[in-house]
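Each chain, written out:
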Amino acid sequence: GNPFAFVANSIVQEQDANRNVVWEWRDVDHIPPTYTDQPVTNLLVGPGQVNAIELDNDCNFLLSTHQRDEIVKVNRTTGELVWTLGSPHSQFTFVGEHAENAPNYFSWQHDIRRLANGNITLWDNGELRSPAYSRSVEYQLDEVNRVATLVAECRYPTGHIAAYLAGCTKPLPGGGWFQSYGINDPASSVKRAVVEYHADGTLALELSTPDNVNVISYRAIKLTGNYTPTIVSLSGLAAGQ
């Protein structure tokens, strides 16, 4: 690579109530910068970024690393990697997945979450597929034998929607899904910002923004409780509401 290159890295911190750093983790200390699907010979090398963090059931951390195409589990005490899921460096065997997507069964992913049943969900941006398409996935993980079994997936039923940046997913009570498509890939045959699905995969809600408006939605959340919405105008927001 370039001997004068800058290498961008991600830092994860835990802080106490007084904002003192009590734990810090740097990805370049544990993952080689060459573990990326991005060029490593440029003046600026961006091997990946941590775009989601989840405190796991055992108090270790699950991290989603964009453009490394992987989820890593980090030991909270030592900072060492417990395992890697996804990417060509995956330590898991995938069961029930689409063979044509190997070895990157998911790519440019976001929003890693651990469910109450022990499974994990993530938003698979899917930019390395051809054609690219995004989907929600749920995996059952056997962390002893390192087996990841695809339990469920959800994608748009007609055409291809791909979010090349951002987005998130959430399984809904009763079996449906709620998806945020972040920033749509210009090559997407369908453009959507948010899609909600019934348990049978049929569409419950579709939300789009005008093509001529530069709207970036990093994440959308469905509120499933009893909430009373508060409407605030732009001028009201500026006034401190």
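Keep in mind it's a predicted model, so treat the numbers as computed, not measured. Numbers given for residues are sequential positions, taken from 1 along each chain in its written order. For this predicted model, a pLDDT threshold of at least 70 governs which residues receive local features, and a threshold of 80 or more governs which side-chain atom pairs are given and counted, while totals over whole chains, interfaces and linings are taken from all residues. To get the side-chain values, take all heavy atoms of the structure and skip hydrogens and water.

Trainee: Just give me the short version of the overall build of the protein, but keep the residues and values in it.
Mentor: Helix and strand labels come from DSSP, where a helix needs a run of H or I of at least four residues and a strand needs a run of E of at least two; each type is numbered from the N terminus. Counting its secondary structure elements, the protein contains one helix and 19 strands. Taken over C-alpha atoms, the radius of gyration is set against a globule rule of 2.2 Å times the number of residues to the power 0.38. Since a compact globule built from 241 residues should have a radius of gyration of about 18 Å, the 19 Å found for the protein is in line with a globular shape. For the C-alpha atoms alone, the extent of the protein along its principal axes is close to 50 × 45 × 40 Å. The buried share of the protein, reckoned over its 241 residues, is 41%. Here, two residues are considered to be in contact whenever any of their heavy atoms come within 4.5 Å of each other. Within the protein, contacts between residues at least 6 apart in sequence are counted, and of these 45% link residues at least 24 apart. Relative accessible area decides the class of each residue, using a 1.4 Å probe on protein chains only: under 20% of the type maximum gives buried, over 50% gives exposed, and in between gives partly exposed.

Trainee: Lay out the packing of aromatic side chains in plain terms, naming residues and giving numbers.
Mentor: Each Phe, Tyr or Trp ring, with Trp reduced to its six-membered ring, pairs with another whose centre is within 6.5 Å; inter-plane angles below 30 degrees give stacked pairs, above 60 give edge-to-face pairs, and intermediate values give tilted ones. Tallied over the full model, the rule gives seven aromatic pairs. With 6.4 Å between their ring centres and 70° between their planes, Phe 94 and Phe 106 make a pair best called edge-to-face. Taken together, the residues span a long stretch of sequence, with Phe 94 in strand E9 (residues 93–95) and Phe 106 in the loop between E9 and strand E10 (110–114) at a distance of 12 residues. The residues Phe 94 and Phe 106 share a single accessibility class, namely buried. Taken together through their ring pairs, the aromatic side chains of Phe 94, Tyr 105, Phe 106 and Tyr 139 make up a single cluster.

Trainee: Give a description of the environment of Gln 38 that names residues and reports values.
Mentor: Within the secondary structure layout, Gln 38 lies in the loop between strand E3 (21–26) and strand E4 (44–45). Once the C-alpha coordinates of Gln 38 and Arg 68 are considered, the two residues, 30 residues apart in sequence, prove to be 8.3 Å apart. When residues no more than four places from it in sequence are discounted, the contact partners of Gln 38 are Gly 46, Gln 67 and Trp 108.

Trainee: Tell me about the pattern of salt bridges, and name the residues and values.
Mentor: Throughout this description, the term salt bridge denotes a Lys or Arg side-chain nitrogen within 4 Å of a carboxyl oxygen of Asp or Glu. Taken as a whole and judged by the stated rule, the model has 17 salt bridges. The salt bridge partner of Asp 124 is Arg 135, with a shortest N-O separation of 2.8 Å. Of this pair, Asp 124 sits in strand E11 (residues 120–124) while Arg 135 sits in strand E12 (residues 135–142); the two residues are 11 residues apart in sequence, bridging distant segments of the chain. On the accessibility criterion, Asp 124 (0% relative accessible area) is buried.

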